[in-house]
Structures are given as C-alpha cells and as structure tokens.
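Residue-level structural notes
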Amino acid sequence: MPMVERCTDLTGEEGFPGYVRLVSGFMFPQEDGDRSWIKEKLVLMDPSSHSYVYRMEASNVGLDGSVNTLKLVDYGDDSTLVEWAFEINPVEGASEDSLIDYLGFLYRSCINRIDGAIPASTQG
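First, a word on scope: everything that follows refers to the structure included in this document. (Residues numbered from 1 in each chain as written. Predicted model: local features only at pLDDT ≥ 70, side-chain atom pairs only at ≥ 80, totals over all residues. Heavy atoms only, no water.)

Bridging between strand β5 (residues 67–76) and strand β6 (residues 79–87) involves nine bridges; their strand directions are antiparallel. Directly across from Gly 76, in β6, lies its bridge partner Ser 79. Between the antiparallel neighbours β5 and β6 lie two residues, among them Asp 77 with a positive phi of about 50°. (Pairing = 2+ DSSP bridges. Helix = DSSP H or I, 4+ residues; strand = E, 2+ residues; numbered from the N terminus.)

Okay, structure coming up:
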C-alpha cells in the first residue's frame, strides 16, 4: 500500500500460511496524528489460483479479526481482474459505507501502483 511506511516480519516465512507481519504507516488516519498499525497473519496462499487470505490479528484501527481475500483472475486481452473480498466487524459507531469507501480507496491505490510498475518491469 502506498501509505505503508514499514512492514516488519514477526514470525513464520513470508508466502507461507502462519506468516505474521506488522504493517504500520498512515493507512488509517488517527485522531492523534499517530501512525496506524495492523498485525496480519497469512491464512492461505495458493499460487495455482493466484489467491491469498489473511486475517488482521490486532490493530489500532478497529479491524481486529477481519479476514481479507485477494485473487487474480485472467480477464483476457492481457488484462487481470483483481477480486477482493472481506469479512469485517467494524468498531461501534463506524459507518459501514465510509469504511467500505476508504478500504476501496486503499486497494485502488495499491492496484494503480502495481499497474504503474508493470511497464517499468517489462522494460529492460
């Protein structure tokens, strides 16, 4: 994510279920101006279906226990569809629509960054 400043390995091996990392930065603005942080655990990684599932184990943004699934699907014509699904129990008082809009913004930012990196990686 473009707003992530630091990603720290905590346990396990990256790319394998059980891997835990701590992500911090300004993904979710805090009232006190402090950085947000999320401890994520990889639940499933399936290279054959180009998908993975991770759970937010703890955070200071109220998304504890949320489960996210990302899958890349061949969309034809040299295009890829990114399927993103999540199960979430937002904190009391949070607007579901606002949360969905903000998470959508975060993932669109990620997809735009990946899209911009593809031409650079194919030039040699």
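Structure shown, so let's carry the discussion forward.
Below, the discussion takes up the sheet that holds strand β3 (residues 36–46). The strand order β1-β2-β3-β4-β5-β6 describes an open sheet built from six strands, whose pairing is antiparallel. Only two strands of the sheet have a single neighbouring strand rather than two, namely β1 (4–11) and β6. Averaged over neighbouring strand pairs, the angle between their axes works out to 25° when direction is ignored. As paired strands, strand β4 (residues 51–59) and β5 are joined by five bridges and run antiparallel to one another. For Val 53, the partnering residue across the bridge sits in β5 and is Thr 69. (Axes fitted to C-alpha atoms, helices over the stretch in contact; angles between N-to-C directions.)

Another point: the nonpolar core. Counting residues in each nonpolar core, the largest one holds ten residues, listed as Ile 38, Tyr 54, Met 56, Val 61, Leu 63, Leu 70, Leu 99, Leu 103, Leu 106 and Tyr 107. Counting only elements with at least two residues in this core, the list comes to β4 and α1 (96–122). Per-element accounting of this core gives the leading share, four residues, to α1. (Core = buried A, V, L, I, M, F, W, Y, C linked by side-chain atoms within 4.5 Å. Buried < 20%, exposed > 50% of the residue type's maximum accessible area, 1.4 Å probe, protein only.)

To continue, consider the packing of aromatic side chains. Applying the stated rule across the entire model yields two aromatic pairs. Seen from their ring centres, Tyr 52 and Tyr 54 are 5.8 Å apart, and the 25° between their planes marks the pair as stacked. On the basis of relative accessibility, which here comes to 30%, the residue Tyr 52 falls in the partly exposed class. Judged by its relative accessible area of 6%, Tyr 54 is buried. (Phe/Tyr/Trp six-rings, centres within 6.5 Å; stacked < 30°, edge-to-face > 60°.)

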